[in-house]
Amino acid sequence: MDTTKTADPTAPETDTAEPQATEAAEAKATEAKADLKDAPAAETAGADEAGLSDEDLEDELHDELDETEPRSEGVGAAASAVVAAGLGLVALSGSWVSRVIAERQTLVGQIESVNAATTEAKIEALYGDAWHMTALVNGVLSTLALLLAVFVLARPAFGAPGRTLPTWVRAVSWAAVALGALGVLLFGLMYFDILAPLPKAA
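Residues numbered from 1 in each chain as written. Predicted model: local features only at pLDDT ≥ 70, side-chain atom pairs only at ≥ 80, totals over all residues. Heavy atoms only, no water.

Further remarks concern the overall build of the protein chain. Looking only at helices and strands, one finds four helices and zero strands in the protein chain. From first element to last, N terminus to C terminus, the protein chain shows the α and β order α-α-α-α. Across the 202 residues in the protein chain, those meeting the buried criterion constitute 18%. Summarising the internal contacts of the protein chain: among those between residues at least 6 apart in sequence, 80% fall at separations of at least 24. Summing over all exposed atoms, the protein chain offers an accessible surface of approximately 14400 Å²; the carbon and sulfur share of this is 65%. (Helix = DSSP H or I, 4+ residues; strand = E, 2+ residues; numbered from the N terminus. Buried < 20%, exposed > 50% of the residue type's maximum accessible area, 1.4 Å probe, protein only. Contact = heavy atoms within 4.5 Å. Areas by Shrake-Rupley, 256 points an atom, 1.4 Å probe, with all protein chains shown as cover.)

In terms of nonpolar packing, the biggest core is built from six residues, these being Ala-77, Ala-78, Ala-81, Val-152, Leu-165 and Val-169. By residue number, the principal contributor to this core is helix α1 (residues 10–93), which donates three residues. Discounting residues that sit within four places of it in the chain, Ala-77 has contacts with Val-152, Leu-165 and Val-169. Counting residues in each nonpolar core, the second largest holds five residues, with Ala-84, Ala-85, Ala-149 and Ala-176 among its members. (Core = buried A, V, L, I, M, F, W, Y, C linked by side-chain atoms within 4.5 Å.)

Right, let's talk about the packing of helix α3 (residues 119–154) against helix α4 (residues 167–191) for a bit. For the pair α3 and α4, interaxial distance at closest approach is 7 Å and the crossing angle is 150 degrees. Classified by the angle between their axes, α3 and α4 sit roughly antiparallel to one another. When the axes of α3 and α4 are compared, the crossing they make is left-handed. In terms of residue class, the contact of α3 with α4 is built from 16 nonpolar, eight polar and one charged. (Axes fitted to C-alpha atoms, helices over the stretch in contact; angles between N-to-C directions. Parallel < 35°, antiparallel > 145°, perpendicular 65-115°, else oblique. Left-handed = near helix turned anticlockwise from the far one by under 90°. Nonpolar A, V, L, I, M, F, W, Y, C, P; charged D, E, K, R; others polar.)

On to the packing of aromatic side chains, then. All chains considered together, the criterion is met by two aromatic pairs. Centre to centre, the rings of Tyr-127 and Trp-131 are 6.1 Å apart; their planes meet at 40 degrees, and the pair counts as tilted. Within this pair, Tyr-127 and its partner Trp-131 are both found in helix α3, separated by four residues, close to a single helical turn. Classification of Tyr-127 as partly exposed rests on a relative accessible area of 46%. Look at Tyr-191 and Phe-192: their rings are 5.2 Å apart centre to centre, the planes differ by 90 degrees, and that puts the pair in the edge-to-face class. Judged by its relative accessible area of 35%, Tyr-191 falls in the partly exposed class. For Phe-192, a relative accessible area of 59% corresponds to the exposed category. (Phe/Tyr/Trp six-rings, centres within 6.5 Å; stacked < 30°, edge-to-face > 60°.)

Averaged over every residue, the pLDDT of the protein chain is 77; the share at 70 or more is 63%. Taking the mean pLDDT of every element in the protein chain, the minimum, 63, falls on α1 and the maximum, 95, on α4. Long-range and interchain partners of residues 7–17, a stretch whose pLDDT sits below 50, account for zero contacts in this model, where long-range means more than four residues apart. For residues 39–52, every residue scores under 50 in pLDDT, and the model assigns this stretch zero contacts once sequence neighbours within four places are set aside. (pLDDT = per-residue confidence, 0-100.)

Now for α4. In an α-helix there are 3.6 residues to a turn, and that puts residues three or four apart on one side. Over its 25 residues, α4 runs 36 Å from end to end, which matches the ideal 36 Å to within 8%, given 1.5 Å per residue. Within α4, the full set of buried residues consists of Val-169, Ser-173, Ala-176, Val-177, Gly-180, Gly-183 and Phe-187. (Expected span 1.5 Å × (residues − 1).)

What follows covers the packing of helix α2 (residues 96–112) against α3. Contact geometry for α2 and α3: axes closest at 8 Å, N-to-C directions at 155 degrees. Overall, the two elements α2 and α3 adopt an arrangement that is roughly antiparallel. Note that α2 runs across α3; the crossing there is right-handed. The residues of α3 that touch α2, namely those facing Val-97, Ser-98, Ile-101, Ala-102, Gln-105, Thr-106, Gly-109, Gln-110 and Glu-112, are Ala-125, Leu-126, Asp-129, Ala-130, Met-133, Thr-134, Val-137 and Asn-138. Residue composition of the contact of α2 with α3, by class: eight nonpolar, seven polar and two charged.

Structure, rendered in structure tokens:
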């Protein structure tokens, strides 16, 4: 009786399969370790990118603020120039305020003229005071227009260097300066009876 054991044909395959399975498991473990190592680096890179994006957003906000300030200053200067020109024009053409004050002064003059002793005193009470009040009010408006226009033109000199007013704002401001100066001169001469003095009684 032959007691010799025949080799199991599956034994070699089992032996070769075990190393393959071991190698596959080691490869998976290595990949898992590599993934774990790469994960913090990816997170750090993402954080860096997020930090850069935050800085970019801050820079954009600062740029927007810097752009908004000159725009707001330009709008204020333009509005001031238009107001100054309007005041100068209204002063020369005669404002409603000056007319009301002149009419009130005329009424006061009529009351005072009752006790006036001479004709010149009556003329002064009835007409002279009203004309002087008209010249005074319009002269004040012209002075305000002149000062506001000069302020608009001089404002860039006291602001950030390199900033200039738009051309049309400067043109309107210079027009307001001309109207204001003309009004101050004209109404000053009228108030002191140098231009268009009161008539003298015969």
